[in-house]
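Below are the chains, spelled out letter by letter.
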Amino acid sequence: MSCLRPNIAQMAGYVPGYQPPDSEAWIKLNTNENPYPPSPQVVEAIRQELGELGDSLRMYPDAGSVQVRRTAATLFGFEPSWVITANGSDELLNNLIRAFAGEGEEVAYIHPSYSYYATLAQIQGAKIRTFGLTADYRIADFPSRYEGKLFFLTSPNAPLGFTFPLDYVANIARRCAGMLVVDEAYVDFAEANALELVKEFDNVVVTRTFSKSYSLAGMRLGLAVARPEVIQALDKIRDHYHLDRLALAAAGAALRDQAYLRETVGRIRDTRAWFSTELGALGYALVDSQTNFVFASPPDRNGKRVYEGLYARKILVRYFSDPLLAHGLRITIGTRQEMEQTLAVLKELG
Ligand SMILES: *Cc1c(COP(=O)(O)O)cnc(C)c1O
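Please read all numbers here as calculations on a predicted model, not as lab measurements. The written sequence of each chain sets the order in which its residues are numbered from 1. Where totals are concerned, whole chains, interfaces and linings use all residues; where local detail is concerned, this predicted model gives features only for residues with pLDDT of at least 70, and gives and counts side-chain atom pairs only at 80 or more. Think of the side-chain values as coming from all heavy atoms in the structure, minus any hydrogens and water.

Visitor: I'm lost on the packing of aromatic side chains in this one. Help?
Guide: The geometry of an aromatic ring pair comes down to the distance between the two centres and the angle between the two planes. In this scheme Phe, Tyr and Trp rings, the latter by its six-membered ring, pair at centre separations within 6.5 Å, and the angle between planes marks the pair as stacked below 30 degrees, edge-to-face above 60, and tilted otherwise. Taken as a whole and judged by the stated rule, the model has 23 aromatic pairs. With 5.4 Å between their ring centres and 90° between their planes, Tyr114 and Tyr117 make a pair best called edge-to-face. Judged by its relative accessible area of 24%, Tyr114 falls in the partly exposed class. Centre to centre, the rings of Phe131 and Tyr146 are 5.7 Å apart; their planes meet at 85°, and the pair counts as edge-to-face. Of the two residues, Phe131 is situated in strand β4 (residues 127-131) and Tyr146 in the loop between β4 and β5 (150-154); the sequence distance between them amounts to 15 residues. Take Phe131 and Tyr146: they sit in the same class, and that class is buried. Each member of the aromatic cluster is reached from another via a ring pair, and the members are Tyr14, Tyr109, Tyr114, Tyr116, Tyr117 and Phe152. A ring has a charge above it when a Lys NZ or an Arg CZ is no more than 6 Å from the ring centre and no more than 35 degrees off the ring normal. Over the face of the ring belonging to Phe78 we find Lys199, whose NZ or CZ atom lies 4.3 Å from the ring centre. Each residue is assigned to one of three classes by its accessible area relative to the maximum for its type, calculated with a 1.4 Å probe on protein chains only: buried under 20%, partly exposed between the two thresholds, exposed over 50%. Think of it this way: any DSSP run of H or I at least four residues long counts as a helix, any run of E at least two long counts as a strand, and we number them from the N terminus.

Take a look at the structure:
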C-alpha cells in the first residue's frame, strides 16, 4: 500500500480498555463506566423517539442538534451559539485538532493523561509534545509562552484523578498562544469546573462527555462549550448527521434530569470516600480523587501483581505498564457492593 500516508502506515492505533464479551461475569472497574443505569427519563425519551414501529427512523435526525444545544446552553448559562454536541467527546477532540493543527504543527498534552490525543494528532500528521507533572501535580517546565496550536489539559486528570485549581488553569490559558482545551470528562464528580474561563479567555474550550456521569457510554455523546467562532469551525468540520435520533433524545432527557445526575454522582462520591479510606487502612497510597475512579498503589508498589490477583477473581481494573504508573492501579468506583467485594479480595492479596 505505497499510496497510504506514511503517518497512518506508521501509527499503532489506539487500544481502548478491554470490554470482556462475558461482561456479566465480571466486576468491571477498568473503563470508568457508571455502575448505575441512565435516568429513567432517558430510557423513556428513547422509547418515545423510537415509537411503536420505529417510524421516526425513516427520517434524518436534526443535523443541527438545536434542541439539545439549547438545553445544554441554558443549563450552563451560555447562549446556544457557544455550545456544540458530538458523537462522544472523542469526536470533539478529533475535530479540534483538525480545526487548529495543520500537518507538522504542534499539539501538546500532559503525560500521564489521555493518550488518545496522541493518536488523533498522528492521524492529522501534527507534531506531539508532552509535559510531565511535578510532585505536587503541576505541569513541569511549562513555558511562559507556549506556541503550540493546541494544549489538552485533562482536568480532573485521568488516570490520576486530581484536579488543577481554577486560577492555575487560567494562568495556563494566559500562557497559551493557541487553544487550551480543558477536557472535563470527569468534572461532574469534582468540586469545580472551568466553564467561566470560556467567557474570560477567547482561547479556552471545555469538553464534556455523557459517558461517565450520565451513564451513557454506550450512546456516544459529548459536548463542548467555546466561543461562537470556535463552535462555527467545529460545525463546518463534523459529519452533518453525527448524532442519530435516539442519541439526541437521550442527550436532551439526560441534561434535563439533573436531580438524577446529582443523586447517582453523590452515591459514587460517597462510595469513593469510603473505598479510599479502606484502601488507606490497607496501606495503599492514593491520589486524592475528584473523579469516578481512584489511582491507588499497594504497599509493595507492584500494580501488576494486584491486577493479576484481581483478574484471577474476575475483577477487572486498569493497569498501565508505563513506568510512571506501573506502581499502581486505576480502579473505577462501582456500586458499594462491588467495591466491598473488591476490597475483600484486595485484603487477601495484601
Ligand atoms: C472517557 C474520556 C473521554 C471520552 O469520552 P467519550 O465521550 O466517551 O468519547 C475523553 N477524555 C477523557 C479524559 C476520558 O476519560
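Resuming the write-up.
Visitor: Any chance you could explain the domain arrangement of the chain here in plain terms?
Guide: How big an interface is tends to be stated in terms of the accessible area lost upon association of its parts. These domain limits were set by an automatic method or by a database of domain assignments. Annotation of the chain at the domain level lists domain 1 (6-30 + 259-349) and domain 2 (40-257). Relative placement of domain 1 and domain 2: their C-alpha centres are 24 Å apart. With 26 residues of domain 1 at the contact, the number on the domain 2 side is 29 residues. The term buried area denotes the loss of accessible surface (1.4 Å probe radius) that occurs when two parts are joined, taken as the sum for both partners. Between domain 1 and domain 2, the buried area comes to about 2300 Å², and carbon and sulfur atoms account for 62% of it. Three residues, Tyr14, Leu261 and Gln290, lead the burial of domain 1 against domain 2; their summed loss comes to 28% of the area buried on that side. Each reported salt bridge corresponds to a side-chain nitrogen of Lys or Arg within 4 Å of a carboxyl oxygen of Asp or Glu. On inspection of domain 1 and its partner domain 2, the count reaches 1 salt bridge. A salt bridge links Glu191 to Arg269; its shortest N-O distance comes to 3.3 Å. Pairs of N or O atoms within 3.5 Å make up the polar contacts considered here, provided that, within protein, one atom can donate a hydrogen while the other can accept it, and that residues adjacent in sequence are counted only when both atoms are side-chain atoms. For the pair domain 1 and domain 2, the number of links is 13 residue pairs in polar contact (both at pLDDT 80 or more). For the side of domain 1 that touches domain 2, the elements supplying multiple residues, two or more each, are α1 (6-10), α10 (258-281) and β10 (293-297). Under the scheme applied, nonpolar residues are Ala, Val, Leu, Ile, Met, Phe, Trp, Tyr, Cys and Pro; charged residues are Asp, Glu, Lys and Arg; polar residues are all the others, including Gly. Taken together, the residues of the side of domain 1 that touches domain 2 break down into 14 nonpolar, 7 polar and 5 charged. Residues count as neighbours in contact if any of their non-hydrogen atoms are within 4.5 Å of one another.

Visitor: Would you explain the pairing of strand β8 (residues 222-225) in this entry?
Guide: Regular strands place their side chains on alternate faces of the sheet. Going residue by residue along β8, you find Gly222 and Ala224 tucked away on one face and Leu223 and Val225 tucked away on the opposite face as well. Strand pairing follows a simple DSSP-based rule, namely that at least 2 bridges must link the two strands. Strand direction decides the pairing type here: strand β7 (residues 204-209) and β8, joined by 4 bridges, are antiparallel. What sits directly across from Val206, in β8, is Val225.

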